Amino acid sequence: MTRKVTILGATGSIGQQALDVARAHPEELQVVAMSAHTRIEQLIPLVQEFRPRFVAVHTVEQARVVRAQCPFVEVGFGEEALQDAASLTESSMLLNALVGAAGIRSTLAALQAGIDVALANKETLVAAGDLVLDAARVAKVKILPVDSEHSAITQCLQDAHSPTDVEKLLLTASGGPFRTASKADLLRVTVQDALAHPTWTMGAKISIDSATLMNKGLEVIEAHFLFDVPYSDIEILIHPQSIIHSMVQFRDGAVLAQLGSPDMRIPIQYALLGDQGRLAANWKRLNWSEVSQLTFELPDIEKFPAISLAYECGIAQKTYPAVMNAANETAVYAFLAGHIHFLEIVEIVRRVVEAHQAEVGMGLDEIFAADRWARETAQSLIAKRGL
Ligand code: NAD
Ligand code: MG
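Cut-off values and rules
Residues numbered from 1 in each chain as written. Chains lettered and ligands numbered in written order. Predicted model: local features only at pLDDT ≥ 70, side-chain atom pairs only at ≥ 80, totals over all residues. Helix = DSSP H or I, 4+ residues; strand = E, 2+ residues; numbered from the N terminus. Rg over C-alpha atoms; globule rule 2.2 N^0.38 Å. Buried ≥ 20, exposed ≤ 12 C-beta atoms within 10 Å, placed from the backbone. UniProt positions renumbered as here; feature names shortened; annotations may be inferred. Contact = placed C-beta atoms within 7 Å. Pairing = 2+ DSSP bridges. Axes fitted to C-alpha atoms, helices over the stretch in contact; angles between N-to-C directions. Parallel < 35°, antiparallel > 145°, perpendicular 65-115°, else oblique. Nonpolar A, V, L, I, M, F, W, Y, C, P; charged D, E, K, R; others polar. Left-handed = near helix turned anticlockwise from the far one by under 90°. Arc of directions from axis to C-beta. Near = placed C-beta within 6 Å. Domains from an automatic or database assignment.

An unreviewed UniProt entry annotates the protein chain as 1-deoxy-D-xylulose 5-phosphate reductoisomerase originating from Sulfoacidibacillus thermotolerans.

A. Examining the overall build of the protein chain more closely. The helix and strand inventory of the protein chain stands at 16 helices and 11 strands. Its C-alpha atoms give the protein chain a radius of gyration of 20 Å, within 12% of the compact-globule value 21 Å for 387 residues. Taken along the three principal axes of its C-alpha coordinates, the protein chain extends 55 × 50 × 40 Å. Counting the 387 residues in the protein chain, one finds 46% classified as buried.

B. Structural detail: the UniProt feature "binding site: 1-deoxy-D-xylulose 5-phosphate" (unreviewed entry) in the protein chain. Under the feature "binding site: 1-deoxy-D-xylulose 5-phosphate" (unreviewed entry), the UniProt entry names K122, S148, E149, S174, H197, S210, N215, K216 and E219. Within the element layout of this structure, S148 appears in helix 7 (residues 148–156). For S148, a count of 23 C-beta atoms within 10 Å translates into the label buried. Not counting residues up to four positions away in its chain, the partners in contact with S148 are H245, M264 and P267. Mapped onto the elements, E219 comes out in helix 11 (residues 214–227). Assessed through the 28 C-beta atoms surrounding it within 10 Å, E219 is described here as buried. For E219, the contacting residues outside a window of four places in its chain are K122, D147, E149 and L171.

C. Representation of the sheet that holds strand 9 (residues 234–238) within the structure. As summarised here, the arrangement of the 4 strands in space is 9-8-10-11, forming an open sheet in which the pairing is mixed. In this open sheet, the two edge strands, each paired with only one partner strand, are strand 9 and strand 11 (255–259). Neighbour-to-neighbour, the strand axes of the sheet open up by a mean angle of 20 degrees, direction not taken into account. Its contacts with the sheet place helix 7 against strand 8 (166–173), strand 10 (244–250) and strand 11, and it is angled at close to 40 degrees to strand 10. Strand contacts of helix 11: strand 8 and strand 9, with the helix running at about 150 degrees to strand 8, the strand carrying the most contacts.

D. Region of the structure containing the packing of helix 5 (residues 104–112) against helix 6 (residues 122–139). Across the interface, helix 5 lies against helix 6 with an axial gap of 9 Å and an inter-helix angle of 10 degrees. Taken together, the axis directions place helix 5 and helix 6 in an arrangement best described as roughly parallel. Of the residues in helix 6, those touching helix 5 at I104, T107, L108, L111 and Q112 are T124, A127, A128, V132, A135, A136 and A139. For the contact of helix 5 with helix 6, the residue count by class is 9 nonpolar, 3 polar and no charged.

E. Broad picture of the packing of helix 11 against helix 13 (residues 306–316). Interaxial distance between helix 11 and helix 13 falls to 8 Å at its minimum, and their mutual angle equals 25 degrees. Considering the angle they form, helix 11 stands roughly parallel to helix 13. Handedness of the crossing formed by helix 11 with helix 13: right-handed. Here M214, K216, G217, L218, V220, I221 and H224 of helix 11 lie close against helix 13, whose contacting residues are A306, I307, L309, A310, Y311 and G314. Taken together, the residues that form the contact of helix 11 with helix 13 break down as 9 nonpolar, 3 polar and 1 charged.

F. How the structure looks around helix 15 (residues 342–355). When helix 15 is considered as a whole, its buried residues turn out to be F342, I345, V346, I348, V349, V352 and V353. The arc that holds every buried residue of helix 15, seen down its axis, measures 155 degrees, which confines them to one face.

G. Seen up close, the site of ligand 1. Lining the immediate environment of ligand 1, one finds 26 residues, of which G9, G12, H37, M202 and G203 sit closest. For the shell around ligand 1, the secondary structure elements donating two or more residues are helix 1 (13–24), helix 6 and helix 10 (204–212). Here the residues of the shell around ligand 1 sort into 13 nonpolar, 9 polar and 4 charged. Per-domain counts for the shell around ligand 1 show at least three residues from each of domain 1 (3–145) and domain 2 (157–259 + 296–315).

H. Quick peek at unusual backbone geometry. Here the phi dihedral of K140 falls at roughly 55 degrees; this positive angle occurs in a residue that is not glycine. Here K140 lies in the loop between helix 6 and strand 7 (143–145). What makes K140 exposed here is the crowd of 8 C-beta atoms within 10 Å. Phi at L213 is positive, roughly 70 degrees, even though this residue is not glycine. Among the structural elements, L213 can be located in the loop between helix 10 and helix 11.

I. Highlighting the UniProt feature "domain: DXP reductoisomerase C-terminal" (unreviewed entry) in the protein chain. Mapped onto this numbering, the UniProt entry annotates "domain: DXP reductoisomerase C-terminal" (unreviewed entry) at residues 259–376. Along residues 259–376 one finds 54% helix and 1% strand; the C-alpha atoms at either end are 41 Å apart.

This is the structure we're talking about:
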């Protein structure tokens, strides 16, 4: 049976690769709704190609433009339209490929409507992990990871008998563009340097997160929630070739790894269609004669303080991960806009986290209040630049 899917963030890096997966499997996948935020001229040909039933855009002007060029589709705009797309019951799966905490409401809307969620938007789990897992449990729906590391771990866990089989998760990381840079080099890096990821081509925000290694910190928290493994059993391993996408070490000493070309279409397809087995796809194969070596090293936590900060916030729970995430988003966009230096990104996040008093309750309101406070606090530190 054809799976009907909604793709939020269709014009982004993950969204476009998901549409490639849909092109490769027209019998198995039908895109029934999509969203875009800014790149409307990119969205229009996609709407014409995939002919979804519903499209969500950001502004009323954008909605007018889409309606004029695609009269066959229903178009909504604003936050409400995004939630309408996420909870469209005609769809049986939402691919949440939005970036940032802006994706939380959409994830929850889909789960509450009984729709499985293929989750690329890791910020959802970082900021609101407990709430999201509760919503999935109550509605008896699945959260399927799209992040390559978490997809790898899911695949490695296929024949685990019980959670106690698992001794530890080994999250691999390329190390980003500054793996071999000195601390002095880091003082001088430009936005272009930081965007130039050695093995993956991704959206701007995650590219910067990969350069600070905050991305791996976010992924540690994501893994904790997805696999219910304590932080003490989640390790980061630098693996510059990005061929092993992560590993699971079991209590009998065996280690399983998942390997492949660094191509996000593989984990996207696994999330969207993995329950139907391994469907044939002709993405570029790993060429073993080109893979001369697979190397590993421990992360340099002095040079990349985002790693310890993320473990600390994950362990502190409450609103700390949400605050870390929101401060990070603010600092990353300030760096991209040229307002702060590279090393100031994580420094600002640390200061915001240190100033935070966790809320007593832990509902969505507390999370959004903490998120707002963190953005404002980060913004005022950026304005002062007294670092
Ligand atoms: P991107 O910047 O390329 O795309 C983001 C999409 O979200 C765009 O379509 C944009 O229009 C939309 N968007 C942004 N802000 C929005 C808002 N406030 N409201 C509604 N829509 C908004 O980002 P990406 O690289 O595709 O990453 C998407 C998510 O997937 C992120 O959470 C990222 O961490 C995760 N992820 C990405 C990759 C990758 O290879 N790109 C790999 C693993 C995980
Ligand atoms: Mg990843």
